[in-house]
Amino acid sequence: MNHVDIQPRIPEPELMYSGHLACPGCGASLAMRYALKALGNNTMVIIPACCWSIIAGPFPYSALGVPIYHTAFETAAAVASGMKAALDQQGKSDVTVMAWAGDGGTYDIGFQALSGAAERNEDFLYVCYDNEAYMNTGIQRSSSTPFGAWTTTTPENHRKERPKKDIVGILAAHRIPYLATVSVAYPEDFIRKFQKARSIRGMKFIQILSPCPPGWKTADDQSIHISRLAVESRIFPLLEIEHGEKYTLNLEPEGISVRDYLEAQGRFRKLSEQDVAYIQNEVDRKWEMLKRQVS
Amino acid sequence: MKKVMMGNHAVSYGARLSRVDVIAAYPITPQTQIVEELSELCADGKLDAKFIKVESEHSAMASCMGASAAGGRAFTATSSQGLALMHELLHFSSGGRLPIVMANVNRALGPGWNIWTEQTDSLAQRDTGWLQFYCENNQEVLDTVIMSYKIAEQLSLPVMLVLDAFILSHTYEIVDIPEQEAIDGYLPPYKPEIKMDVDNPHAFGALVTPDHYYEIRYKLQETMDRAPEVARKAGEEYGKLVGRPYDIVEPYMLDDADVVIVAAGTLVSNSRAVINEYREKGIKVGLLKLRMFRPFPTKRVRELLAGKKKIAVIDRNISFGATGIFYQELKAALYGQNNGAGSPDIFGFIIGLGGRDVTLEDIAEIVDYTLEKEKNEEDIIWMGLKR
Ligand SMILES: Cc1ncc(C[n+]2csc(CCOP(=O)(O)OP(=O)(O)O)c2C)c(N)n1
Ligand code: SF4
Ligand SMILES: [Mg+2]
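None of the values given here were measured: they were computed from a predicted structure. (Residues numbered from 1 in each chain as written. Chains lettered and ligands numbered in written order. Predicted model: local features only at pLDDT ≥ 70, side-chain atom pairs only at ≥ 80, totals over all residues. Heavy atoms only, no water.)

### A short note on the site of ligand 2
Residue and element names in this part refer to chain A. By nearness alone, every residue bordering ligand 2 is listed as C23, C26, C51, I55, N131, M135, C212, P213 and P214. Of all the secondary-structure elements, those providing two or more residues to the shell around ligand 2 are α2 (51-55) and α8 (213-216). When grouped by side-chain class, the residues that make up the shell around ligand 2 number eight nonpolar, one polar and no charged. (Near = heavy atom within 4 Å. Helix = DSSP H or I, 4+ residues; strand = E, 2+ residues; numbered from the N terminus. Nonpolar A, V, L, I, M, F, W, Y, C, P; charged D, E, K, R; others polar.)

Below, the structure written as C-alpha cells:
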C-alpha cells in the first residue's frame with residue numbers, strides 16, 4: 001500500500017467534555033466519547049446506576065452535551081422504551097435513544113427489562129460497556145466476570161469457576177435487527193457500527209469490552225493495548241449479527257495466545273498453566289463455532 | 001353519555017378522556033380489564049396512545065418514567081404484588097417530579113394468595129412521595145383519573161388513585177362519561193417546563209451531594225403542602241364542568257354528630273347507609289370521607305373534627321406491629337389540638353382484611369361500640385375476628 005487514506009473517519013465534534021469523573025485510562029469514558037461522536041447531538045442517553053452515574057458528573061453539572069436521564073439500576077431498557085414511545089407521540093422519531101449500562105445493569109439486574117424490550121423490538125440502542133464486574137461498588141463479580149478472574153467477591157482462593165455469560169448469544173436468540181461488538185482499540189469499526197445502529201429501526205444492542213484499570217489491575221496507560229490483545233487473541237471477536245442469523249466477523253486475527261491478554265492483567269495473576277490451557281481451549285472452541293455461524 | 005360499566009373500565013375511560021400519550025402496564029387480577037380495555041382502545045385507534053406491553057410492573061413504572069421525562073402524559077395501573085414490585089420506582093418517579101398517574105386496585109398481599117380487597121398495598125406506599133386518592137364508586141373512579149392529571153401536572157408530582165378490588169373493579173354501575181370537548185378544556189395538553197430535549201440538554205437525576213439533596217427534598221415537601229389546595233380547586237373546577245364537585249375530604253351529617261366515622265373507599269358507602277338508619281332513630285352519627293390520603297389533609301381534618309367527642313376509624317389494612325394506618329394518621333393529625341383540651345377519643349377498628357365481607361351490621365356494631373364505650377381502651381379493635 002503506497003497511499004494514505006486521509007478521509008476523516010472519526011467525526012470531530014466532541015459531545016463529551018473534560019472535567020468528567022472517570023479514573024485515568026477508563027475504557028468506558030473513551031467509549032462514550034466515540035459513541036457520541038458517531039451518534040451526534042440528536043441523541044438522548046439513559047444511564048442506570050453504574051460507574052457512568054458518577055463519571056457524568058454531579059448535579060448541577062453534566063459531562064455530556066446531550067440530555068441524560070439517570071435512572072434506577074435495573075431499568076435502562078424499560079425507561080428507554082417509554083422515552084422512545086413519548087418521542088414518537090411527539091413526532092420526534094428521529095431522536096436516537098441510547099440506553100448506556102454496565103455489565104451488571106445488563107447481564108444481571110437489568111436483564112429482565114432488556115429481554116422484554118428486545119423481544120418487543122423496541123426502537124432504541126442499548127449499549128453495554130462491559131468491564132466484567134460491578135466497578136461502581138468496588139469490583140464485585142457479575143455474571144459477565146470471566147472464568148478465573150479476581151474480584152472482591154471472587155477472591156483468589158475462591159475464584160469464579162463459571163464462564164462469562166454469553167450475552168451476545170442471548171441477544172441473538174431474541175432475533176433483534178442489529179447486534180454488534182466493538183472495542184475502543186478499533187475506533188473506525190466502533191464509529192461505523194454506532195452509525196449503522198442509528199440508521200436501523202428496532203432494537204440494537206452493542207457490547208463494548210471496556211477495560212477498567214483499578215478493576216482489572218492494570219496500569220492506566222494500558223487500556224487500548226489490552227483491548228487490542230483481547231481482539232487479537234480472539235477472546236473478544238469483533239462481529240455483527242443481523243436478525244439473529246446473519247453473522248459477520250469484522251476482523252479475523254491470526255490468533256495470538258490468550259496468555260498475552262491474561263498476563264497483562266493483575267486480576268488473572270493466580271491462573272495456573274492448566275487454567276490458561278483451559279481458557280485457550282475454550283477460546284479456540286468458541287472461535288470455531290463462530291466461524292461456522294458466519295459461513 | 002351514561003353507560004353501565006365496571007370500575008376497571010371506568011379507569012380506562014378516564015385515561016382515554018385524559019388523552020394519555022403512553023401507557024405501560026402489566027396484568028394482575030383484579031386490574032386486568034383496565035389493561036385489556038386500554039389496549040383495545042389503542043388498537044382500534046380510539047385512543048392515540050402508545051401501549052407498551054412490558055414484562056413486569058417494575059418495567060411498567062420505568063417506562064412511564066421515561067415517557068414522562070420526555071414530556072409525554074403517562075399512565076399505568078396495577079394492584080397489590082405489582083405495586084409492591086414497583087416500590088423503588090415510586091420513590092424514583094416522585095423524586096424525579098414526574099406527573100405520572102396510576103390506578104391501583106386495592107388487593108391483599110400474599111402469602112397466601114388473596115385477590116380480594118384490602119388497603120394495605122397502597123397505604124404501605126405512603127412515604128414514597130405519591131399523592132393518593134381513594135374512590136367510593138365507579139363514577140368517582142372515572143372522574144378521579146382526569147382530576148389526577150390536572151393535579152399531578154400542576155405540582156409535578158405523581159398521583160395514585162385507588163379503587164377496591166371487585167367491590168368496584170368488577171361491579172357494574174351507571175357512569176356518566178363527560179364530553180371529550182369539556183375535558184379538553186379542563187385538561188390541556190401536557191407541556192412541562194423542562195423535559196428531555198436535544199435542543200436544551202440537561203442531566204436529570206444526577207448524583208446529588210448532601211450540599212443539595214436536603215433542599216431538593218424540602219422542595220418536594222413544600223409542593224406536597226400545596227397539594228391539598230390544588231386538589232380542592234381541581235375538584236371544584238371539575239364540578240363546575242360536569243356538575244359533580246369533589247373535595248379532598250367530604251363530610252356527611254357531620255355538624256351535629258356525636259360519633260364520627262372516618263373511612264375511605266367503598267367502606268364510606270356502607271357507613272352512609274348505616275348513618276341514615278341511626279339518624280332515623282335520632283342517633284347523631286356522622287361521617288368524614290377521606291378522598292385524599294397523601295398528602296394527609298391535616299388542616300381540613302382538624303377543622304372538620306374540631307370539638308368532636310368520639311371518632312371511629314375504619315381500617316381495612318394494618319401496619320404490623322402498630323395499628324390500622326388511617327387510625328395512626330388521624331391520631332397524629334389530631335394530637336395535641338387545643339393544647340390537648342377536649343380532644344376526641346379515637347377508636348381504631350380493623351375489619352375485612354383479605355376481602356372478608358363488611359356488612360351494614362358490622363358498621364352498626366362499630367357505631368354501637370363507640371357509643372357505648374366511655375373511653376377507648378385498645379389500639380386495635382378487631383371486628384369479626386374468629387378467635
Ligand atoms: C437496586 C440496586 N441494587 C444495588 C445498587 C448498587 N449498585 C450501584 S452500581 C452497582 C454495580 C454496577 O455495575 P455495572 O453495571 O457493571 O457498572 P460499573 O459500575 O461496572 O460501571 C451496584 C451493585 C443499586 N444502585 N440499585
Ligand atoms: S472504576 Fe473502572 S469503569 Fe469505573 S470509572 Fe474507574 S476505570 Fe472507569
Ligand atoms: Mg461493570
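### A short note on the coordination of the magnesium ion (ligand 3)
Residue and element names in this part refer to chain A. Within the first shell, the magnesium ion (ligand 3) binds the protein through D103 (OD), N131 (OD1) and A133 (O), at distances of 2.0 to 2.1 Å. All donors to the magnesium ion (ligand 3) come from one chain, and their sequence spacing reads D-x27-N-x1-A. Placement of D103 in helix α4 (residues 103-108) and of N131 in the loop between β4 (125-130) and α6 (167-173) is noted, with a sequence separation of 28 residues between them. The same class applies to D103 as to N131, namely buried. (Donors = N, O, S within 2.8 Å, 3.2 Å for Na, K, Ca; no water. Buried < 20%, exposed > 50% of the residue type's maximum accessible area, 1.4 Å probe, protein only.)

### Some thoughts on the interface of chain A and chain B
Many structure descriptions define interface size as the accessible area lost when the parts assemble. Taken together, the contact pairs 41 residues of chain A with 38 residues of chain B. Interface area, chain A with chain B, both sides summed: about 2900 Å², of which 65% is carbon and sulfur. It is A:F59, A:Y69 and A:Q89 that lose the most area in chain A upon contact with chain B, and together they represent 22% of the buried surface on that side. With its nearest N and O atoms 3.5 Å apart, the salt bridge here joins A:R120 to B:E55. (Contact = heavy atoms within 4.5 Å. Buried area = accessible area lost by both parts, 1.4 Å probe. Salt bridge = Lys/Arg side-chain N within 4 Å of Asp/Glu carboxyl O.)

### Some points on the domain arrangement of chain B
Residues and elements named next belong to chain B. Each domain of chain B was delimited in the assignment, giving domain 1 (2-242) and domain 2 (250-382). Once you take the C-alpha centre of each, domain 1 and domain 2 turn out to be 28 Å apart. Of the roughly 2300 Å² buried between domain 1 and domain 2, counting both surfaces, carbon and sulfur atoms make up 54%. Of all residues in domain 1, the largest losses of buried area upon contact with domain 2 belong to Q119, R126 and E136, amounting jointly to 32% of the total for that side. At the junction of domain 1 with domain 2, the criterion picks out five salt bridges. A salt bridge links E140 to K289, with the shortest nitrogen-to-oxygen separation between them at 2.7 Å. The interface formed by domain 1 and domain 2 contains 19 residue pairs in polar contact (both at pLDDT 80 or more). Secondary-structure elements contributing two or more residues to the side of domain 1 that touches domain 2 are α6 (120-123), β6 (131-134), α7 (138-155) and α9 (210-242). Considering every element that reaches the side of domain 1 that touches domain 2, the biggest residue donor is α9, with five residues. (Domains from an automatic or database assignment. Polar contact = N/O pair within 3.5 Å; in protein donor to acceptor, adjacent residues only side chain to side chain.)

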